[in-house]
Amino acid sequence: MSRRLSRTCTAIILGGLVATLPPAAAAEQAVEPAAAPAAMRGAAVPAAEEPPEQQPAALDVLERRPGMGEGLLFVGPQKNPGRVGPPGEEPPPEAGRGPQIVDDRGRPVWYHRIPQNEYVADFRVQEYRGRKVLTWWQGKSDNAGLGEGVGYIADENYDIIATVRSPDPEQSIDLHEFRLTPQDTALVVSYQQRPYDLTPVGGPADGDVLESVVWELDLATGEPLLEWRSLDHVPLQESDERPSGRAGTRPFDYLHTNSVSLDTDGDLLVSAVGTSTVYKLDRETGEIVWRLGGKNSDFRLGAGARTIAQHDVVAVGDGTYRMFDNQNMHSEGYETRVAWLRIDPRRGTAELERQLVHPDRVSTAVTGGSQGLPNGNTLVGWGSAGRISEFDAAGRLVFDAVFPQDYSSYRTYRDEWEGEPETAPEVRIDGASGDAHAVWNGATEVAGWRVLAGDARDGLRPVAREPWDGLDTDVDLPADASDAAYVQAEALDADGEVIGASAVTETGAA
C-alpha cells in the first residue's frame, strides 16, 4: 500500500559516519556528524579523499565542436556485467572504478576509488540545502541489474556530508535512482522479494516476485514521507516479462522500476522496464493518475510514440516528457533514441514531438539517460553502449566520446562545478623517466603547474612549468634538475597565481 508514515527513526548518516538515532535525537543531530561509526548495509563509507594511486583511463573524445554546453562531465564508469550467468552472480572484481569528473577532452578532474566489488551509479551535481553538491549511489550489483547500496551527498570539498540508506534495515536502496528534490527529499527505489502466486503469468503458485518500492525520504530526518508498493497498484499481468525472463531471474522481476522524477505539478513519474510504461503517481496518496505506454496505456499512442524499456523519464513542461527510449528489451538490436512525447489528457492522446538518434545508430541494451542543458542542447549517456553524445538544439552532434572497451556509465551528466579539495596537491618523480607528476584530485581551478627543485628544502627554485593536463599532469624536468634532492609542485590558476602547493618532497636521488 501507499501511505504517509510516522517517524520511527533516523535513516540518514551525516559526516560520513553511520548511526541510527531515535526521534528525539534526530533534530539535534541533523546537521552534526553522527556520534560513532557503525557498519552500513550495502556499501562501505568512503575513506578520507586521497589522490588515487592508479589513474582512471581517459575518455576517447571523437567529436568536439563549437556550441557545446558549459561545465564538466560526471560519469560512473563500470565494466559491463552483461546479462549472462546465474541470477544473483556478482560482477567480476574489476567492475567498480568509482565516480569521476572529466573535461571535454576526456581528462579526469576528480576520481574517487571504491572497493573493487562495488559499483557507482547516477553520479551528478544536485542541490541540497540551497547549495550545489555531488551525489551518487554506491553498492553491490548483480548480473540481473539489481543493486543493494546507499546514496552519498558530498560538498565542494569532496567531504561526505550525508549518507542516505533504506529506512527499513532489512532492505537496501537500489542503484536506479537517487534524485534530490527542491523540498530536500530524496526519491529512491528498492527491489524487495516477496512470496507470490505466479500462476496468472504462467509461473508456480509458490513463486517469488521482486516488488518495486518507491520511497520519498526526508533528508533532514530520514523519515519516509511516501512509500509506494507496486503490487498494490500494478498487477503481474501488466508485465511484458514472464517468470522465465531476464536471463532466468528468480524471483520474478516483473516491473523493474528504473527512474523516479517530479512532474511539473509536483506529482511523481515512475518509469518501468518490465511494462514499458510511465506511471504518474499522486505524490500524497501513491494512486496511479495515468499510464503512458504499455498494455494499459491511458493515451492512444500516435506514430512513433511507443517506447520499449525506456529509462530516465523527466517532465520538460507543457505536457511533454523526455525519455531515453532503449527500443530494446535486454539485448542490442534496434536503434536507441531520446524521445519527447507530448500528451493531451483531454483527448487522451500521446504524440511523438521529436527524437534524437545517433548518426551511428547506437543501440543500447540496458541503462542510459539524457539531460537538457541550459543552452538548449541535449546530453545523452548511451548506457551499456559505452558512449556519450551531445546534440545542439537543431539536432547536430557537437560532442561524442567513448569509454574504454567494455566500460560504460549508468547515466552521464554535464554541469558546472567548482571543487575545492581540502587535501594539498601532491608531487612524485617517475623513477623511469625522471619526470615530475603533479596531482590535485578534484581541484577545478588549476590551469597549470610550476615545479620547484633543489638540493635543500629551503633552497628550491622554479625549474619547469606545464599547463594542466588532467588529474595526473606530467611535467618534463630539465636535465640540471634531474638529480635534485627535493621537489615541490605549485598549482597555478588562469592568472598564474599560486592557489596551492604540495609539500616539499624528497626525490630519492642519490
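Data block above holds the structure.
How each quantity is defined
Residues numbered from 1 in each chain as written. Predicted model: local features only at pLDDT ≥ 70, side-chain atom pairs only at ≥ 80, totals over all residues. Heavy atoms only, no water. Pairing = 2+ DSSP bridges. Helix = DSSP H or I, 4+ residues; strand = E, 2+ residues; numbered from the N terminus. Axes fitted to C-alpha atoms, helices over the stretch in contact; angles between N-to-C directions. Contact = heavy atoms within 4.5 Å. Salt bridge = Lys/Arg side-chain N within 4 Å of Asp/Glu carboxyl O. Buried < 20%, exposed > 50% of the residue type's maximum accessible area, 1.4 Å probe, protein only. Core = buried A, V, L, I, M, F, W, Y, C linked by side-chain atoms within 4.5 Å. 1 Å grid on protein atoms, 1.4 Å probe; cavity = no way out; pocket = protein on both sides within 12 Å on 5 of 7 lines; lining within 4 Å. Points joined across faces, edges and corners; volume = space filled by probe spheres on them. Polar contact = N/O pair within 3.5 Å; in protein donor to acceptor, adjacent residues only side chain to side chain.

With that settled, the discussion passes to the sheet that holds strand E27 (residues 397-402). Strand order in the open sheet formed by five strands is E2-E27-E26-E25-E24, and the pairing between neighbours is antiparallel. Two strands bound the open sheet, and with one partner strand each, they are strand E2 (60-64) and strand E24 (369-372). Recorded for the sheet is a direction-independent mean angle of 10° between the axes of neighbouring strands. Relative to E27, E2 runs antiparallel, the two sharing four bridges. Bridging from a neighbouring strand, Arg64 pairs with Phe399 of E27.

Within the secondary structure, Val451 is located in strand E32 (residues 448-454). Separated by 26 residues in sequence, Val451 and Leu477 have C-alpha atoms that sit 8.3 Å apart. Once residues within four sequence positions are removed from consideration, Val451 is found in contact with Ala436, Arg461, Pro462, Val463, Ala464, Val475, Leu477 and Gln488.

Read from one edge of the open sheet, three strands run E30-E31-E34, paired in antiparallel fashion. Of all strands in the sheet, those bounded by a partner on one side alone are strand E30 (426-429) and strand E34 (472-475). Going from strand to strand, the sheet's axes swing by 25° on average, the running direction of each strand aside. Here strand E31 (residues 436-439) pairs with E34 via four bridges, running antiparallel. The partner of Ala436 across the bridge, within E34, is Val475.

Following the criterion strictly, the structure yields 31 salt bridges and no others. Between Asp360 and Arg387 there is a salt bridge, with its nearest N and O atoms 2.8 Å apart. One end of the pair, Asp360, is in the loop between strand E23 (349-357) and E24; the other, Arg387, is in strand E26 (residues 387-391), and 27 residues separate them in sequence. Classification of Arg387 by relative accessible area gives buried; the value is 14%. Ionic contacts of the salt-bridge type, sharing partners, join the residues Asp122, Arg124, Glu177, Arg179, Asp312 and Arg411 into one network.

Turning next to the pairing of strand E13 (residues 207-218). Burial analysis of E13 places eleven of its twelve residues in the buried class, the great majority of the element. Looking at chain direction, E13 and strand E14 (residues 224-229) are connected through five bridges and run antiparallel. Opposite Glu216, over in E14, you have Leu226 as the bridge partner.

Turning our attention to the nonpolar core. Ranked by internal contacts, the top residues of the largest apolar core, which has 37 residues, are Phe74, Ile101, Phe123, Leu134, Trp136 and Trp449. Apart from the residues within four sequence positions on either side, Phe123 is in contact with Phe74, Val75, Pro99, Gln100, Ile101, Trp110, Leu134, Thr135, Trp136 and Tyr413. Judged by nonpolar contacts, the second largest core, of 24 residues, contains Leu146, Val189, Leu210 and Leu255.

For the largest pocket, the calculated volume is near 830 Å³. In terms of lining, the largest pocket is formed by 30 residues, of which the most central are Arg124, Val125, Gln126, Arg179 and Gln371. Sorting the residues of the lining of the largest pocket by element identifies strand E7 (119-128), strand E11 (178-180), strand E15 (257-262), strand E20 (311-317), E24 and strand E29 (413-415) as the ones contributing at least two each. It is E7 that contributes the most residues to the lining of the largest pocket, five residues altogether.

Within E15, five of the six residues are buried, which leaves the element mostly enclosed by the surrounding structure. Across five bridges, the pairing between E15 and strand E16 (residues 268-272) is antiparallel. For Thr257, the partnering residue across the bridge sits in E16 and is Ala272. The antiparallel hairpin formed by E15 and E16 contains five residues in its connecting segment, where Gly266 sits at a positive phi of about 95°.

By secondary structure assignment, the location of Asn326 is in the loop between strand E21 (320-325) and strand E22 (337-344). Since its relative accessible area comes to 0%, Asn326 is described here as buried. At 3.0 Å, the side chain of Asn326 forms a polar contact with the backbone oxygen of Thr367.

Assignment of secondary structure puts Gly454 in strand E32. Between the C-alpha atoms of Gly454 and Ala484, which are 30 residues apart in sequence, the distance is 5.1 Å. Residues contacting Gly454, with those up to four places away along its chain left out, are Gly459, Leu460, Ala484, Ala485 and Tyr486.

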